[in-house]
Amino acid sequence: MTPKYKGLLTLIIPTLLFFGFQQIEEKAPISTEWPEITQTAKPWTRWWWMGSAVDEENLSKLLETYQEVGLGGVEIAPIYGAKGFEDRYIDFLSEDWLSMLDFTINKAHSLGMGVDMTQGTGWPFGGPQVNVENAATRMVIQDYEKEDGLTLATPILFQKKKENQPDAKLIAVMAYDENNQAKEITSYVDDKGKLTWDEAGDWKIKAIFLDKTGQMVKRAAPGGVGFTLDHFSKSAVDTYNSHFQKAFSGKDYGFRAFYNDSFEVYGADFTPNFFEEFEKRRGYDLKEYLPYLESEENLEIVRRVKSDYRETINDLLLNNFTRNWTSWAHNQSKLTKNQAHGSPGNLLDLYAAVDIPECETFGSSYFPIPGLRRDSADIRNVDPDPIMLKFASSAAHVTGKNLVSLETFTWLGEHFKSSFAQMKPEVEQAFLAGVNHIFYHGVTYSPEDVPYPGWLFYASLNLTQHNSLWPHFKGFNDYIARSQAILQAGKADNELLVYWPVYDVWAEPKGKMEMITVHAVDEWLHPTEFYKQSKKLMDAGYSVDFISDDMISKSKAKNGTIQTSEQNSAKVLLIPDAEFMPTETLRNILKLAEDGAYVIFQSKPKSIPGLHSDQNSNEAIFIQLWEAIDFKNGKSKVGKGQVFLSGDLTETLESLGIYRETLVDSGLDFIRRKVADGTYYFLVNHTSETVSQAISLNTKSGAVMAMDPLTGKTGTIPSGNSNSGTSVNIFLKSGESIFLKTFDDQVDLGISGWPDYSTPSNVTDISKDWKLSFTQGQPKLPASQTMENIKPWTGNGDPIADDFSGQASYSSEFQFSKTEGKHYLLTIDKVYESAKIWINGAYAGNTWSIPYQLDISEQLQNGKNIIKIEVANLMANSIRHLDRKGIEWRNYHEINFVTIDYKPFDASNWNTMPSGLDGKIEIIEFD
């Protein structure tokens, strides 16, 4: 190894450890403190640089603003620019651009923030450095028919769809008889396309051309316009990477990771050496089987050929792009962060090939939380499935990577109408799926001299400094930071591994490519037994990770568990119904059993995948391996372990003493993390009812501590022994969440007890006699108001108030009889949309999610009390005002600004969004 690479390893390894697992030591001292809120624990954001029209003064001010509201880092994503500001544009990777990058990184680091960057502009990878040779490629097959004894009259030339389309390269010409027996006749075609071959019989002729998709980078920034990259070509990827290496000129810019967005390369299904790679990997010439590749008949040979084609595409994407890119990045002392979904490959292996696998939420989920706004006119017609997120988290867990990032809130709702209350259950659903590194989608760089609402990106939450919710943003960010500090601690604690039969997906007879996207889960995921069994197990209270063929091959059985990496192990491997399984995978599974693992097959895999010249003998080897398993009553001793054949996975798991978490019977959802001195449980109530009951945790515990991620408060909870572990009483209203930490040893935690909010002893209504004043916002401040009963500031006949977006303060005085030792909870029926609360001049906290409540025991006093509630509403009303007045605020190149349905944006016909407080405000006393 050269000194250069030795030096690089000394940089990379500590970096990976820092962002990797906090190692678990035996008998570590107990900790009742909240884990440290690190840079990585805080939420990060995608940061769109419109036209890269950035300058040092605005970069500095914006980063300071981001740091103040609790953001931990930014991911720089250059895109198209705003019209009228072309003189400020900076070409991507130019000397000026790199200077701005360097300034950004240094400024961010001075603030304790991190920086990632997209390795390109817009998406997907591409740009002016990608020449035609290295551009995304497709296979075009043109059909001809040659009759017996007749010369083919039509010349074999590429048939252009557009006049300016370049000629495609002829790769091969194949002839097929009536039985699809093939002959290659490429050498019989001259440079004018004339076919001189004249073998007897009727023949179908297929001419195979290497064509370019012509796709350009979407939403490209200045200096970034160009062709999309051929991700299947190693030489193309190497050339692309070397362009960045040359641009950086050996300087180590101190950003953390290169980022790659979801695979949105349309129509790319080929690369120049594809046929050679296919034959090397699959053992036969695909050109001889093109009729089956093109067919959509549900025939065995069609399914096998397509499976081989798709596996080869996967191999090229995985090895030539993802692993190759990560290796190159490591040589630059950088990590990689990648969205694998949307690609034609094995998601688990693609996610596992990078340092930080990233998934994506797209659209809005339904939660039956009373009062949670979800207007059908303001949401996309999609139904996100959190199981999709588990492909990324499983890849991380199984391969020993700690961080699982998420592009969060993409098209959560219509522009300017998304509240923190709507975001909270969405992000909790992601946490429950194993995500622990949130990236907002996102924040747009907007300079100080651009008037309200500033520069905005078309598919974003628009959480910028102009947003009326911005002064309250820190409360939401603190909630995520506290949660992620725990969810990044220790290691995942999932007892089951579920095999993903990707070859069944690849054997789908329809289409050529199989794009595994978040938008097509009803086709490739939901109908499968893999999905049904995984969901059934998770709903029953089991913790699951998915595992691929390659991951199984790298796993070992150790001490009765399946060790998938140094950081991760599981108790059992489950094989759901699988039509196709490679012989080598079955051999690896049985090796795990021989070494002491438990394996449960739902049924016998039916066959090996793909087409083989010696199909029968290959099938025979697979059958021989299977038949060597001597099942008696669905169970077989294999070496030190056991293999089960069972249609009822839950029953078999229980027979092995592997029990579900019965707490889910209460309606709660959960995820666990194992740390040195115990176990963290994250409990979430997304049901429509309050959960108030005793629940059992599947861990023996000497003490239990409650931790509220909304406030950071902690306290001990009484606990007892149960049959499966530890019993605790839990009280969570609809929409609430909490962390519990169970300690392995019997210890005195030395902290206060957790308040029991289940049974009130007294209620005081303070809903009457309020004053309202407006502090800051758009388009102008309405007049102050007095209210006999508290109510929103909208809908009262004041058009200025109806158009207002910003912050306003409700204030009142009340007499109160306080009893020492009791707890007092302030509750508000409705908050539109976030409320900061002061009692007697002391800040009590921020409530922005259902249920709107805050413990004010410390601030409340006996006798006279003064309360102030600052409310921030949505931007929607002020944006409607701009559109009604015809004030131009959206004027961008490219897509400009569109609605959630990708239609021209116009808010002028919107109804007024309720703003302020509504319903009762009460102080509830608890013993």
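Up top is the structure these notes are about.
Keep in mind that what you see is a predicted model, and the values were worked out from it rather than measured.

Undergrad: Which residues make up helix 4 (residues 234-248), and what are the values?
TA: Between the first and last C-alpha of helix 4 there are 21 Å, a value that for 15 residues agrees with the 21 Å anticipated at 1.5 Å per step. Of the residues making up helix 4, those classed as buried are Ala236, Val237, Tyr240, Asn241, Phe244, Ala247 and Phe248. For helix 4, the angular spread of the buried residues around the axis is 130°, confining them to a single face. In this structure, the buried residues of helix 4 make contact with helix 3 (95-110), strand 3 (114-118), strand 4 (126-127), strand 10 (257-260) and helix 7 (300-331). Positive phi appears at serine 249, one or two residues downstream of helix 4, with a value of about 50°.

Undergrad: How would you summarise empty space enclosed by the protein if you had to cite specific residues and measurements?
TA: Scanning the model with the defined rule gives five cavities of 30 Å³ or more in all. The volume enclosed by the largest cavity comes to roughly 160 Å³. Along the wall of the largest cavity there are 17 residues; nearest its centre are Ser364, Arg373, Arg374, Ile379 and Gln422. Counted by class, the lining of the largest cavity contains five nonpolar, five polar and seven charged residues. Lining the second largest cavity are 14 residues, with Asn260, Phe263, Phe321, Asn338 and Gln339 sitting closest to its centre. Considering every element that reaches the lining of the second largest cavity, the biggest residue donor is helix 7, with three residues. Looking at side-chain class alone, the lining of the second largest cavity contains six nonpolar, seven polar and one charged residues.

Undergrad: Would you mind going over the sheet that holds strand 42 (residues 916-926) in detail, with residue names and values included?
TA: Sheets are built from strands paired through backbone hydrogen bonds, the pairs being either parallel or antiparallel. Spatially, four strands are ordered 33-42-37-40 in an open sheet, and the strand pairing comes out antiparallel. Looking at which strands have only one partner, the edges of the open sheet turn out to be strand 33 (760-765) and strand 40 (853-855). This sheet shows a mean twist of 25° between the axes of neighbouring strands, independent of strand direction. Examined bridge by bridge, strand 37 (residues 823-832) and strand 40 share three bridges and lie antiparallel to one another.

Undergrad: I'd like a rundown of the environment of valine 643, residues and numbers included.
TA: Structurally, valine 643 can be placed in strand 24 (residues 641-645). A relative accessible area of 0% places valine 643 in the buried class. Taking C-alpha positions, valine 643 is 6.1 Å from tyrosine 598, a pair spaced 45 residues apart along the chain. Discounting residues that sit within four places of it in the chain, valine 643 has contacts with Leu590, Ala593, Val599, Phe601, Ile629, Phe631, Gly634, Lys635, Ser636 and Val638.

Thresholds applied
- Residues numbered from 1 in each chain as written.
- Predicted model: local features only at pLDDT ≥ 70, side-chain atom pairs only at ≥ 80, totals over all residues.
- Heavy atoms only, no water.
- Helix = DSSP H or I, 4+ residues; strand = E, 2+ residues; numbered from the N terminus.
- Expected span 1.5 Å × (residues − 1).
- Buried < 20%, exposed > 50% of the residue type's maximum accessible area, 1.4 Å probe, protein only.
- Arc of directions from axis to C-beta.
- Contact = heavy atoms within 4.5 Å.
- 1 Å grid on protein atoms, 1.4 Å probe; cavity = no way out; pocket = protein on both sides within 12 Å on 5 of 7 lines; lining within 4 Å.
- Points joined across faces, edges and corners; volume = space filled by probe spheres on them.
- Nonpolar A, V, L, I, M, F, W, Y, C, P; charged D, E, K, R; others polar.
- Pairing = 2+ DSSP bridges.
- Axes fitted to C-alpha atoms, helices over the stretch in contact; angles between N-to-C directions.

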